[in-house]
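Fold and geometry: a report
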Amino acid sequence: MSSDPMIVAEGLTKEYRLSALQVSHDTLRDQVAHAVKRLWRGSANDAESESRFLALNDVSFTVREGEVVGLIGRNGAGKSTLLKVLSRITFPTSGSASIHGRVASLLEVGTGFQPELSGRENVFLSGAILGMRKAEIARRFDEIVDFAGVARFIDTPVKRYSSGMYVRLAFAVAAHLEPEVMFIDEVLAVGDVGFQKKCLAKMDDVARGGRTILFVSHNLAAVRSLCPRSIFLRGGGVVADGPSDQVIARYVAEYDESGPRGACERIAGDAMFVEGSDEFFLYPADQSTALQVLCGEPIVLQFEIESPKPLVELSAGALIVSSSGERIAGMSSKVQRIRAVGRPSQRWLVRCDMGRLPLNAGTYSVDVYIGNGAMDVTRFPSAFELSVTEHDVFGWGNSLPPQTAWGPLYWAPTWHIAASGSTLELEEAVER
Amino acid sequence: MTVSRSPAVPASALGRPPVIQIKAADGPATLNLRELATNWELLYFLVWRDIKVRYKQTAIGAGWAILQPLTTMVIFTAVFGRLASIPSDGLPYPVFAFAGLLPWTYFAAALSRSGNSLVSNGNLITKVYFPRLLIPLSAVLSPLVDFIITLGLVALMMMWYGVVPAVAILTLPAFVLLAAASALALSLWLSALCVRYRDVGVVIPFLVQIGMYVSPVAYPTSLVPERWRFLYSVNPMAVVIDGFRWALLGTAPPDLFGSAVSCALVAVIFYGGLLYFNRVERVFADVV
């Protein structure tokens, strides 16, 4: 791409003095008392100068016109601070940035909403605060109300809205901004499932419209589908910057405090294996590490392992990890006491039929563990990406809520529900 | 999963957009008047919001704008006019008091609202960028609506008491402007200070109360001893109130030299306030 740079950040650094943060809300009396104390002790900076905190540390990058860039990293990595600095809400301690174009920042849903005012009034107020012109808001008003689906209540004070309606209207205003550069902070994780999908679709629309976007999210699936490029922040600094697939893989691997994805790592130092090279290789069947299944479909893991030395026995394990890094399910042939003994070989085929694992829709990564039957010797963090798509598993007429709503697992128990006083043996009435 | 993207609309096709420079906060503060001007619509919406929200879900709504100064006037008339027999420059005391209360009520409302304005709008300041100056500015402008309503009441009272205004009434807008400028000048300091020192929020009602006694709201300036007169007239609100009475009721005009000095004082406080506000503006979001 040879388009113009829209956002250029050079060495952005933001330092907070922790002591300054602590006294920030204090009263004049405390300040005076503090000053007196300092005079008394004779030194101005005892503990103060030490308690500094770098929220951003020398962050540099360039975003070109029309690029949609994901910002990922754990909480406290500096993502939000970076957006705040670029939005001119707070100033950097050093470094500089330039932004070429009209900017809209979306750091929370409902910025400027005033509970006492009606939906209509809030659309105009919030729109103006987010940087829209009055005429622009008026022109898109119907579209906004439509998108939010609150047309009937548009003249009701928003304090009487349900939280879902409130959030929908607030997002709708923001979604109809038309700036050249947008900063968006984790605002998609709102509303019900249907609305979340609508938001993502809208975001995708916006992204395709040639807007330059910096997008913070913990929803790696959303980042992956919206942003071709991602920047991974850790401790205020840029760890990786590049194609989202690679950067996310790196992030997921890092989350596990381990090496990069795909590469194996030694766990146990068994002489038999590590002598010479300790390089194991994993070859996925169909040469694809991306597994795609519908909710409720059987999941099969199939791959070939190449060991540095001939082995007489091989054991394998897998660990399913959610996109937020939680371990969902572990499995191991070794724990199940399944022995795969054969003539010495350097290549082993592994097939793991997980069956109908009750995973909700979402993305997961699968770590693969390889052992010699007695202990694990190596593992491949995030060897596979597993994406589970929504599906009406039980034929209920609606898909199951995704991982973000129901957690990683679904379950369909047998319910017994009846008014108190009657017996709970009304299965035919309830089960239908 | 890869998503193909349609080609971007070049921003250059829309005319080269403005470049926003973000740098560490150092060097002298600057006032970006152009930026302020491009945001006049937002100013309008902020004022509009203040006005809308103020009387939402109240039984008599904007009636409060009249009721507050009216009650004060009645009390003043009873206490100062009757009991203390404070002179009123030959005018019926109620009209005299009300003509003073009119600008004072505005000034007091503007000052108390704008003094706390940055803190009460903290949620905006930490989430979105716009010229921060708009916040105290809108808080100073919004009580003007109450002021105009009250002005109508003053006109009715003048008719009732048969007071005919002179040509001087044409100068009224100038005094309104001075009142607004004084309120804004002080609130630049107070609102910015309040971000760091919440004490200011406590001090403002107190300041307003003291201010009323050192301004000729309940009594005429002519009651002030001659040798203190000049010092007294440096108070911009004394100039404003005397100006109002002069313009509406035809009393003696405010002292010209004193007026000039107090205008200069407002200008100095205003400019200093701008510099201070600009300097502190950079840390609002970190501190508020």
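Residues numbered from 1 in each chain as written. Chains lettered and ligands numbered in written order. Predicted model: local features only at pLDDT ≥ 70, side-chain atom pairs only at ≥ 80, totals over all residues. Heavy atoms only, no water.

1. Overview of the overall build of chain A
In terms of regular secondary structure, chain A is built from 12 helices and 18 strands. At a minimum sequence separation of 6, the contacts of chain A that also span at least 24 residues come to 72%. With an accessible surface of roughly 20,500 Å², chain A has 51% of that area assigned to carbon and sulfur atoms. (Helix = DSSP H or I, 4+ residues; strand = E, 2+ residues; numbered from the N terminus. Contact = heavy atoms within 4.5 Å. Areas by Shrake-Rupley, 256 points an atom, 1.4 Å probe, with all protein chains shown as cover.)

2. Side note on the overall build of chain B
When its secondary structure is counted, chain B shows 14 helices and 1 strand. The burial tally for chain B puts 50% of its 288 residues in the buried class. When contacts within chain B are restricted to residue pairs at least 6 apart in sequence, those whose partners lie at least 24 apart make up 80%. With an accessible surface of roughly 13,800 Å², chain B has 70% of that area assigned to carbon and sulfur atoms. (Buried < 20%, exposed > 50% of the residue type's maximum accessible area, 1.4 Å probe, protein only.)

3. What to know about the sheet that holds strand β6 (residues 181-185) of chain A
Residue and element names in this part refer to chain A. Ordered in space as β5-β6-β7-β3-β8-β9, the 6 strands form an open sheet in which the pairing is mixed. What marks the edges here is a single partner per strand, and that holds for β5 (103-106) and β9 (237-243). Taking each pair of neighbouring strands and ignoring which way they run, the sheet shows an average axis angle of 15 degrees. Looking at chain direction, β6 and strand β7 (residues 212-216) are connected through 5 bridges and run parallel. Paired with I184 across the strands is F215, a residue of β7. Across the sheet, helix α3 (residues 79-86) is in contact with β3 (68-72), β6, β7 and β8 (229-234); its angle to β6 comes to roughly 150 degrees. (Pairing = 2+ DSSP bridges. Axes fitted to C-alpha atoms, helices over the stretch in contact; angles between N-to-C directions.)

4. Observations concerning the interface of chain B and chain A
The partner chain A presents 65 residues to the 50 residues of chain B that form the contact. Taken over both partners, the interface formed by chain B and chain A buries close to 4,900 Å², and the fraction arising from carbon and sulfur atoms is 56%. Run the count over chain B and chain A and you get 4 salt bridges. Its salt-bridge partner being K14(A), residue D286(B) comes within 2.8 Å of it at the nearest N-O pair. Sorting the residues of the side of chain B that touches chain A by element identifies β1 (19-23), α1 (33-38), α2 (40-54), α6 (122-125) and α14 (284-287) of chain B as the ones contributing at least two each. If one sorts the elements of the side of chain B that touches chain A by residue count, α2(B) sits on top with 9 residues. With 5 bridges joining them, strand β4 (residues 94-100) of chain A and β1(B) adopt antiparallel strand pairing. (Buried area = accessible area lost by both parts, 1.4 Å probe. Salt bridge = Lys/Arg side-chain N within 4 Å of Asp/Glu carboxyl O.)

5. A closer look at the nonpolar core
Residues F61(A) and L86(A) are the most contacted members of the largest nonpolar core, which totals 155 residues. With sequence-adjacent residues up to four places away left out, L86(A) is seen in contact with I7(A), L12(A), F61(A), A97(A), I99(A), F183(A), L214(A) and I22(B). L301(A), I320(A), V350(A) and L357(A) belong to the second-largest nonpolar core, a separate cluster that totals 34 residues. (Core = buried A, V, L, I, M, F, W, Y, C linked by side-chain atoms within 4.5 Å.)

6. A closer look at the pattern of salt bridges
All chains considered together, the criterion is met by 24 salt bridges over all chains. With a shortest N-O distance of 3.9 Å, E178(A) and R139(A) are connected by a salt bridge. Highlighted residues: E178(A) in the loop between α6 (163-175) and β6 and R139(A) in helix α5 (residues 134-148), separated in sequence by 39 residues. Accessibility expressed as a relative area gives 35% for E178(A), which makes it partly exposed. The exposure class of R139(A) is exposed, given its relative accessible area of 59%. Residues D146(B) and R54(B) are paired through a salt bridge, measuring 3.8 Å at the closest nitrogen-oxygen approach. Linking D146(B) in helix α8 (residues 143-160) with R54(B) in helix α2, this pair joins segments that are 92 residues apart in sequence.

7. Side note on the packing of aromatic side chains
Overall, the coordinates contain 20 aromatic pairs over all chains when judged by the stated rule. Ring geometry for F394(A) and W396(A): centres 4.6 Å apart, planes at 25 degrees, overall stacked. For W396(A), a relative accessible area of 47% translates into the label partly exposed. Feature note: the residues F124(A), F141(A), Y44(B), F45(B) and W48(B) constitute an aromatic cluster, connected by ring pairs. Taking NZ or CZ as reference, R132(B) lies 5.2 Å from the ring centre of F130(B), over its face. Seen from the ring of F91(A), R282(B) lies directly overhead, with NZ or CZ sitting 5.7 Å from the centre. (Phe/Tyr/Trp six-rings, centres within 6.5 Å; stacked < 30°, edge-to-face > 60°. Lys NZ or Arg CZ within 6 Å of the ring centre and 35° of its normal.)

8. Examining the environment of L409(A)
When you line up the elements, L409(A) lands in the loop between α11 (403-406) and α12 (427-431). Using a relative accessible area of 45% as the deciding quantity, one classes L409(A) as partly exposed.

9. Quick word on the environment of G70(A)
Residues and elements named next belong to chain A. Structurally, G70 is set in strand β3. Expressed as a C-alpha distance, the spacing of G70 and R229, which sit 159 residues apart in the sequence, is 6.3 Å. With residues up to four places along the chain from it excluded, the contact list for G70 reads F215, V223, C227, R229, S230 and I231.

10. Comments concerning helix α10 (residues 199-213) of chain B
Counted at 1.5 Å a residue, the expected span for α10(B) with its 15 residues is 21 Å, and the 22 Å between its end C-alpha atoms agrees. V200(B), I204(B), V208(B), G211(B) and M212(B) are the residues of α10(B) that are buried. (Expected span 1.5 Å × (residues − 1).)

11. Some remarks on the sheet that holds strand β1 (residues 5-17) of chain A
The strand order across the open sheet formed by 4 strands is β2(A)-β1(A)-β4(A)-β1(B), and the pairing between neighbours is antiparallel. Each edge of the sheet is formed by a strand with only one pairing partner; in this case those strands are β2 (52-64) of chain A together with β1 of chain B. Neighbour-to-neighbour, the strand axes of the sheet open up by a mean angle of 15 degrees, direction not taken into account. Relative to β4(A), β1(A) runs antiparallel, the two being bridged by 5 bridges.

12. Examining a nonpolar patch on the surface
Residue and element names in this part refer to chain B. There is a patch of nonpolar side chains on the surface, built from I60, W64 and L67 and spanning about 260 Å² of accessible area. Inspection of the secondary structure assignment puts L67 in helix α3 (residues 63-83). Under the relative-accessibility criterion, L67 is labelled partly exposed at 35%. (Patch = residues over 30% accessible without salt bridge, like charges linked within 9 Å, V, L, I, M, F, W, Y side chains within 5 Å.)

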